[in-house]
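Residue-level structural notes
Chain residues, written in single-letter form:
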Amino acid sequence: MIKIKKYSQYDGEGEYIGRFNYYYELKASPLKNPYSGQNNYEAKLNLLNKFEKFLKSLTEDSPQWKEIRRLQKLFEDKGELTLLCWCDPLPCHGEVIRDAILGDIHPKSDDD
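These notes cover the structure that comes with them.

The rules behind the values
Residues numbered from 1 in each chain as written. Predicted model: local features only at pLDDT ≥ 70, side-chain atom pairs only at ≥ 80, totals over all residues. Heavy atoms only, no water. Pairing = 2+ DSSP bridges. Helix = DSSP H or I, 4+ residues; strand = E, 2+ residues; numbered from the N terminus. Contact = heavy atoms within 4.5 Å. Axes fitted to C-alpha atoms, helices over the stretch in contact; angles between N-to-C directions. Salt bridge = Lys/Arg side-chain N within 4 Å of Asp/Glu carboxyl O. Phe/Tyr/Trp six-rings, centres within 6.5 Å; stacked < 30°, edge-to-face > 60°. Buried < 20%, exposed > 50% of the residue type's maximum accessible area, 1.4 Å probe, protein only. Core = buried A, V, L, I, M, F, W, Y, C linked by side-chain atoms within 4.5 Å. Expected span 1.5 Å × (residues − 1). Arc of directions from axis to C-beta. Polar contact = N/O pair within 3.5 Å; in protein donor to acceptor, adjacent residues only side chain to side chain.

Moving on: the sheet that holds strand E1 (residues 2-6). Taken in spatial order, the three strands line up as E1-E3-E2 in an open sheet, and their pairing is parallel. Each having just a single partner strand, E1 and strand E2 (15-16) make up the two edges of the open sheet. Two strands pair when backbone bridges link them, and E1 and strand E3 (residues 81-85) are joined in this way by five bridges, in the parallel orientation. By the bridge assignment, isoleucine 4 is partnered in E3 with leucine 83. Relative to E3, helix H2 (residues 63-78) is tilted by about 140°, and along the sheet it contacts E1, E2 and E3.

This is how it looks when you write it as C-alpha cells:
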C-alpha cells in the first residue's frame, strides 16, 4: 500500500515529495511539483495533469526517475510506503508519483 499524507499532520515514517520548506527545514524533493497554482480542487487536478505530462517527458536517467526508482525499491522492500506532501485533502501530485512507483506511468523512452 502507498499512502499520501499531509506532512504537518502525520507523525510517522515517510518520504517527503514537496518543495523546500523553511519552517520544517525540509529540502526540496527531486519529485516536487514544478507547477503551482490556486489551492482548490479544480486547480489541483490541472496541476496533476501537468505533472504527469512532465514526468512522462523525462528520461530514465533524470533525477526524478532516479528518485522514483529509489522509492520503488523502498516499497518493494517494506511492502508499504508513505509519501508526504501538503495537499491533503486536495488532489496531490503524489498520486502521479504513486502511479509511477506502481509501474502505471513510464519515463520517455529513447524511441520517443
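This part covers the pattern of salt bridges. Enumeration according to the criterion identifies six salt bridges in this entry. What you see here is one network of salt bridges that share partners, running through Glu15, Glu67 and Arg70.

Attention shifts here to the packing of aromatic side chains. One pass over the full model with this rule turns up eight aromatic pairs. Ring plane angle 75° and centroid distance 6.4 Å describe the contact between tyrosine 16 and tryptophan 86, whose orientation is recorded as edge-to-face. With tyrosine 16 in strand E2 and tryptophan 86 in the loop between E3 and helix H3 (94-101), the pair connects residues that are 70 residues apart, well separated along the chain. Residue tryptophan 86 is classed as partly exposed on the basis of its relative accessible area of 26%. Considering the side-chain rings of tyrosine 23 and tyrosine 24, the 4.9 Å spacing of their centres and the 85° angle between planes classify their relative orientation as edge-to-face. Judged by relative accessible area, which is 70%, tyrosine 23 ranks as exposed. Of the residues examined, tyrosine 24 reaches a relative accessible area of 34% and is grouped as partly exposed.

In this section: the nonpolar core. Judged by nonpolar contacts, the single largest core of 22 residues is most densely connected at Leu55, Leu83, Ile97 and Ile101. At the level of secondary structure, the elements contributing two or more residues to this core comprise helix H1 (41-56), H2, E3 and H3. If sequence neighbours within four positions are ignored, leucine 55 has contacts with Gln64, Trp65, Ile68, Val96, Ala100 and Pro107.

Turning next to unusual backbone geometry. Residue proline 89 is reached from aspartate 88 by a cis peptide bond, and omega for that bond is 15°. Positive phi, normally seen in glycine, also occurs at glutamate 25, with a value near 55°.

To continue, consider H1. The terminal C-alpha atoms of H1 lie 23 Å apart, and with 16 residues this matches the ideal 22 Å at 1.5 Å per residue to within 8%. Taken together, the buried positions of H1 are occupied by Ala43, Lys44, Leu47, Leu48, Phe51, Phe54 and Leu55. The buried residues of H1 all sit within an arc of 145° when viewed along its axis, so they share a single face. Away from its buried face, by an angle of more than 90 degrees, H1 presents the exposed residues Glu42 and Lys53. In this structure, the buried side of H1 is in contact with H2 and H3. Measuring from the side-chain oxygen of the N-cap residue of H1 to the backbone nitrogen of glutamate 42 gives 3.2 Å; that N-cap residue is asparagine 40.

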